[in-house]
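Now for the letters of each chain:
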Amino acid sequence: MATIFSRIAMGEIPCYKVAENDEFFAFLDINPIQKGHTLVIPKEEVDYLFDIDDEKLGRMMVFAKQVAAQIKSKMGCRRVAVVVLGLEVPHAHIHLIPINEEKDVDFKVKQQLSEDEFKLIAEQIKL
Ligand code: AMP
């Protein structure tokens, strides 16, 4: 059975899309810890990030770098944190989180955003 993230990348489940190419897809995290919190996934299903082959992992990082540059410029943050957890969804993903200080990376604190806010943020950082 396809993972929820595969179904998002295939357009079967709605998301706030940020960027896409042949291999990778980026969309807003539905329970963001900061405004602009984005997930980058490979379209091909693999559970653990470090099971991705070296060349593809490199390309995924370059894709994430492009998305992060866009987040940094549009969200006006000091840095874009790069976090990999993978404990909840068994489809490899990189969290990109706009931050100004260390305490901004706290997965216990979620932002409550309206649908309009999600749409606006996705539109702002869209590649
Ligand atoms: P983890 O696997 O621990 O890295 O966490 C999975 C992340 O995916 C969490 O931050 C969730 O909020 C996020 N997430 C789960 N389902 C969706 C969805 N349908 N759309 C966007 N983000 C999601």
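Data block above holds the structure.
Residues numbered from 1 in each chain as written. Predicted model: local features only at pLDDT ≥ 70, side-chain atom pairs only at ≥ 80, totals over all residues. Heavy atoms only, no water.

Novice: Give a detailed account of the environment of V40, specifying residues and quantitative values.
Specialist: Structurally, the position occupied by V40 is in strand β3 (residues 38-42). Sequence-wise, V40 and I8 are 32 residues apart; in three dimensions their C-alpha atoms are separated by 12 Å. Leaving out residues up to four positions away in the same chain, V40 has contacts with F25, A26, M60, F63, A64, A92, H93, I94 and L96. (Helix = DSSP H or I, 4+ residues; strand = E, 2+ residues; numbered from the N terminus. Contact = heavy atoms within 4.5 Å.)

Novice: Any details on the environment of F50? Residues and values, ideally.
Specialist: Residue position: F50 is located in the loop between β3 and α2 (54-75). Using a relative accessible area of 57% as the deciding quantity, one classes F50 as exposed. Sequence separation between F50 and N31 is 19 residues, and the spatial gap between their C-alpha atoms is 24 Å. (Buried < 20%, exposed > 50% of the residue type's maximum accessible area, 1.4 Å probe, protein only.)

Novice: Quick rundown of the nonpolar core? Include the residues and the values.
Specialist: L28, V40, V67 and L96 are the most contacted members of the largest nonpolar core, which has 27 residues in total. Sorting the residues of this core by element identifies β1 (17-20), β2 (24-28), α2, β5 (94-99) and α3 (115-125) as the ones contributing at least two each. The element best represented in this core is α2, accounting for 7 residues. Ignoring anything within four residues of it in the chain, the contact list for V67 reads V18, A19, A26, T38, L96 and L127. The next biggest cluster of nonpolar side chains, apart from the first, holds 8 residues, and it includes F5, A9, F25 and L39. (Core = buried A, V, L, I, M, F, W, Y, C linked by side-chain atoms within 4.5 Å.)

Novice: Run through the packing of α2 against α3, naming residues and quoting values.
Specialist: Where α2 contacts α3, the axes come no closer than 8 Å and their chain directions differ by 115°. For the pair α2 and α3, the contacting residues are Q70, I71, K74 and M75 in the first and I121, Q124 and I125 in the second. Residues that form the contact of α2 with α3 fall into these classes: 4 nonpolar, 2 polar and 1 charged. (Axes fitted to C-alpha atoms, helices over the stretch in contact; angles between N-to-C directions. Nonpolar A, V, L, I, M, F, W, Y, C, P; charged D, E, K, R; others polar.)

Function-wise, these values are silent; they only describe arrangement.
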